[in-house]
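Here's the letter readout for the chains.
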Amino acid sequence: LKRWYGVKSLWGDMRQRNPNVYSRMLKRRLENLSERRQDIAAVLYGCSPPLTSQDDWKGVVPSKTIFVAGTLDEKYTSIGRKWESIGGISKFVQVPNAGHALMVEEPTTISTIINGFVKDEIVEESRATTDISPSVEKLLPPPALDSTAIDAKAYAVGLMEFEAFSITIGSSDGNGVQGIGWGSSARAENKLQRREGFIVSIASSNGKAVGVGEVSPLKGLHKETLEDAESQLRLIKDYLASAAELPKFNAEEVLSLNGSLSIFITEIVTMAGIDPILVATSVKSGLEMAILSVASQLYGSFLPQSLAANHWQKDLLSIPSSSFGLLPINGLITRGETLETISGSVGRVSKNINFGSVKVKIGHEDIDVDIRTLRGLRQSPSSVGQIKLRGDANRAWDRPLANTFAAELKRLDSSIFESIEFIEEPLMKQSLNGEWSIERQVAALDDFTRRGGMPYALDESIADLAETHAYNFDRIAHDLRAVFGGQERACTAFVLKPALLGLELSMQIASLAQKEFKINAVFSSSFDSGIGLAFTAILASVVDNSPYSKSMTKYSHGLGTFSMLGGDTLSPPFETYVNQEGMLNVPSLSRALYGLSLDEISDRLPTYNAVPSTNEPAVTSTESDSYLATTSSEGRDITVSVSLPLPFSDSIASSRFTDLPQMSRWSPWLNSVTYLDEAGLTEWNLNIRGVKFSWKAKSEVLDEPKGITWESVSGLKNRGVVEFEPTSDNNCIMKLKMSIIMPYILVSLFQGMPSVVQEFLQNKLLKWSLEMFRDVVKADLALERGDNELGDALFGAVEGRANALEEALK
């Protein structure tokens, strides 16, 4: 240690400069080495740059990275200057009169540097809604990061999986939510008590990018049922699993949201045997979410930045980027709730959030109740002079009743109009001879505003127009231009539901409205879970930061439905990204979505308490005089059961096997196993064909029969149990059962999945590992009793098998 710390070019003669700090550091390091030398060696080995995978660096964004070195550390000051010169970092900071031991020599200075760097990236939550984002040109690196981005040209999706979810929905009385949906579903007596759907996961064909989406049709909003959506998802999954050649996409074109995404999805559903006209809108939006997430990873940036760079590129010579800091969202008061049930509070009491804007579901009941609720919210002690209100009538009123509502509200409290942002769709569907048109609807709404002075927003009308034209943007745009182009209208906003319209079409309509009609978009949820809410929030953030939005009024977005979820598909849940002022942290949410897969948001592994008989049915099996194995699989989920006779007692076998840090002696594919605490939490690291994985697991040693169980709590999902059944005083049978969800990247490496992986797990990885365990213990026992010749021979056999396994892995 003294020789190491005496290297002047690194440590700057620390022993002479700072003898007290040097002595303390040396003492602490000696203590650590005496107790955890193998762990420290494993850490140093695993962190060595030549040995780490390039994937470890894919999340590093140069503009978000700082490099700090001491001026006396010649090696790393040189490296810092090189990083700075090539633009690989945001800032290079040198600490005067310090060497390589920065954290020991200058802890206060280092913490100050880090604190200042982090604060530069934080948007002050106290800023007004209209000024929540720093200047645009500031944060993003060039979109194509050569060291991390994957070639985005002609790329294909690979595996698709989906799993069901069911979440309770509850209003403040704990009895569901009333009046959700359109048409008759909007009546207060209709209740929604559970939100059900599917989380879809799609991986790129090489397994290096994966994304998730939500498919959750809502009764009263979507035409399809949950069963319809599941049927279509199954057809698409089966097609992608069996297709000899998959359709390809260009990541940049998909991210531009100019129609390429819809074309790609149309190709997929057509090949899956689904008429594109009949594809469920919830299914399409869920596929869009997952594919956009994959594309952003191929592009090399988080989704908001990827969309901003590609969607607006044709409009500007200089592509804007944005901090995408805090996004304002509105609270929601549903039908059936009164001032008494919400305790006069702005927003949701249960979530302790004071939204600056609240939407009240009005219509479909007595207008006196609606007026009293609006006035009561505005007069609440916590909201006087601050709260913005909007109503959502869901086309509840005919024209006379709508005019009566506006007139009566104005008579009772004319000043409330200053707080009302708009009323969504106050009028019933305006049809003539059974035919509806957007022009007739807007004309009637304009008349409503002229008579009552209350601005309106379109919601159902946009969806009706989209359905009329089979979600074809060009035809939709033609009708919108005919109504809004060059004409003064009283419409304040377009309310867009990506879960119904689709993500791409929502962005196309929002862009058209901003550029040509000077009308802003409000993005709204369909009572989605956290996954759907996250994608809707990202679209809203991109539109709010568009080059056309600077002079426009920006409204809070309709994502406050999260407060009514009894659970979530995101972990941590969506609500954790919302502060007490109702502002959503988009950067953190975007990072949570980046590379998120179904494995990370579901508990998919089967449960079992003991190792079953090896005679159980299985897809594949292997049997020899000494080794028995069975394997079953479904998709990426694989369960393997193996057994092997051992020529020593169950006590010896269990004591050796449960010493987990020794595991790599007989499993050379494991880099290391390290205990993290005394409760049995361990960290595992492995390397297969140059791809590194790590996970943390909790384990429990068994007494009867002797053995051990484990289950991963993070990272690579796996669970297992090993039991040693005695057959005599000096012999036992080792039985192992393990379930694993193969990572997408390994699925791509082992083409021919699942049969290749099953064969590999059964007859190479596990078989050889168990036989090596047997021989390692036999060798240890031989050496312990002084039989060096046998011990050396056995270790030679172990080394030979380890080399063979290494070659097999290659």
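Read on for a plain summary of the structure. Given the structure is predicted, the values throughout are model-derived calculations rather than measurements. Every residue gets a number counted from 1 within its own chain, in the order that chain's sequence is written. Reporting in this predicted model follows two pLDDT cut-offs: at least 70 for local features of residues, and 80 or more for side-chain atom pairs to be given and counted; totals over whole chains, interfaces and linings ignore these cut-offs and use all residues. Side-chain metrics in this entry use all non-hydrogen atoms of the structure; hydrogen atoms and water are not considered.

### Points about the overall build of the protein chain
Consideration 1: Secondary structure assignment for the protein chain yields 25 helices and 28 strands.
Consideration 2: The rule is simple: take the accessible area with a 1.4 Å probe, protein chains only, and divide by the maximum for that residue type; under 20% is buried, over 50% is exposed, in between is partly exposed. Looking at the protein chain as a whole, 54% of its 810 residues qualify as buried.
Consideration 3: A total of about 35,700 Å² of accessible surface is found on the protein chain, and carbon and sulfur atoms cover 49% of it. Here a helix means four or more residues in a row that DSSP labels H or I, a strand means two or more in a row labelled E, and each is numbered from the N terminus. To be clear on the numbers: accessible area is Shrake-Rupley with a 1.4 Å probe, and residue cover counts the displayed protein chains and nothing else.

### Some details on the sheet that holds strand β8 (residues 248–249)
Consideration 1: The antiparallel open sheet is built from four strands, whose spatial order is β7-β6-β3-β8. The strands lining the two open edges of the sheet, one partner per strand, are β7 (210–215) and β8.
Consideration 2: A pair of strands counts as paired when DSSP detects no fewer than two bridges linking them. The pairing of strand β3 (residues 155–168) with β8 spans two bridges and is antiparallel. Paired with Ala-156 across the bridge in β8 is Lys-248.
Consideration 3: We call two residues in contact whenever any of their non-hydrogen atoms come within 4.5 Å of each other. Where helices are involved, their axes are fitted lines through C-alpha atoms of the stretch in contact, as for all axes, and angles between N-to-C directions lie from 0 to 180°. Taken strand by strand, helix α8 (residues 226–242) contacts β3, β6 (194–204) and β7, and its axis lies near 155° from that of β3.
Consideration 4: Against the sheet, helix α11 (residues 281–299) engages β3, β6, β7 and β8, with an angle of about 160° to β7.

### As for the side chain of Gln-232
Consideration 1: One can find Gln-232 in helix α8.
Consideration 2: A distance of 2.9 Å separates the side chain of Gln-232 from the backbone nitrogen of Ala-280, its partner in a polar contact.
Consideration 3: Filtering out sequence-adjacent residues up to four positions away, Gln-232 remains in contact with Ile-274, Leu-278, Val-279, Ala-280 and Val-283. Identification of polar contacts relies on pairs of N or O atoms within 3.5 Å, with a donor-acceptor requirement for protein atoms, meaning one able to donate a hydrogen and the other able to accept it, and with residues adjacent in sequence counted only if both atoms are side-chain atoms.

### Here's the deal with the nonpolar core
Consideration 1: In terms of nonpolar packing, the biggest core is built from 143 residues, with Ile-236, Phe-249, Leu-458, Leu-480, Phe-484, Phe-494 and Leu-584 touching the most fellow members.
Consideration 2: Apart from residues lying up to four places away in sequence, Leu-480 is in contact with Ile-462, Leu-465, Gly-485, Phe-494, Ile-509, Leu-512 and Phe-517.
Consideration 3: The criterion is simple. A nonpolar core is a set of buried Ala, Val, Leu, Ile, Met, Phe, Trp, Tyr and Cys residues joined through side-chain atoms within 4.5 Å. By size, the runner-up hydrophobic cluster in this structure holds 40 residues, among which are Ala-653, Met-738, Val-798 and Ala-802.

### Side note on the packing of helix α14 (residues 399–412) against helix α15 (residues 438–452)
Consideration 1: Running from N to C, α14 and α15 cross one another at 30°; their axes reach a closest spacing of 9 Å. Between α14 and α15, the angle is such that the two are roughly parallel. Of the two possible hands of crossing, α14 and α15 adopt the one that is right-handed. Taking contact as the criterion, the partners of Arg-399, Ala-402, Asn-403, Ala-406 and Lys-410 in α14 are, on α15, Ala-444, Asp-447, Phe-448, Arg-451 and Gly-452.
Consideration 2: Under this grouping Gly is polar, as are all residues other than the nonpolar Ala, Val, Leu, Ile, Met, Phe, Trp, Tyr, Cys and Pro and the charged Asp, Glu, Lys and Arg. Its residues placed into classes, the contact of α14 with α15 shows four nonpolar, two polar and four charged. For classification, angles of less than 35 degrees are called roughly parallel, those exceeding 145 degrees roughly antiparallel, those between 65 and 115 degrees roughly perpendicular, and all remaining angles oblique. Here a crossing is taken to be left-handed if its near helix is turned anticlockwise relative to the far helix by less than a right angle, and right-handed if that turn runs clockwise.

### Some points on the packing of helix α16 (residues 460–468) against helix α17 (residues 473–484)
Consideration 1: Here α16 crosses α17 at 130°, and the two axes come no closer than 9 Å. Looking at the two axes, α16 sits oblique to α17. Two packed elements cross with a definite hand, and for α16 against α17 that hand is right-handed. Residue-level contacts link Ile-462, Leu-465 and Ala-466 of α16 to Ile-476, Asp-479 and Leu-480 of α17.
Consideration 2: Looking at the contact of α16 with α17 residue by residue, the classes come out as five nonpolar, no polar and one charged.

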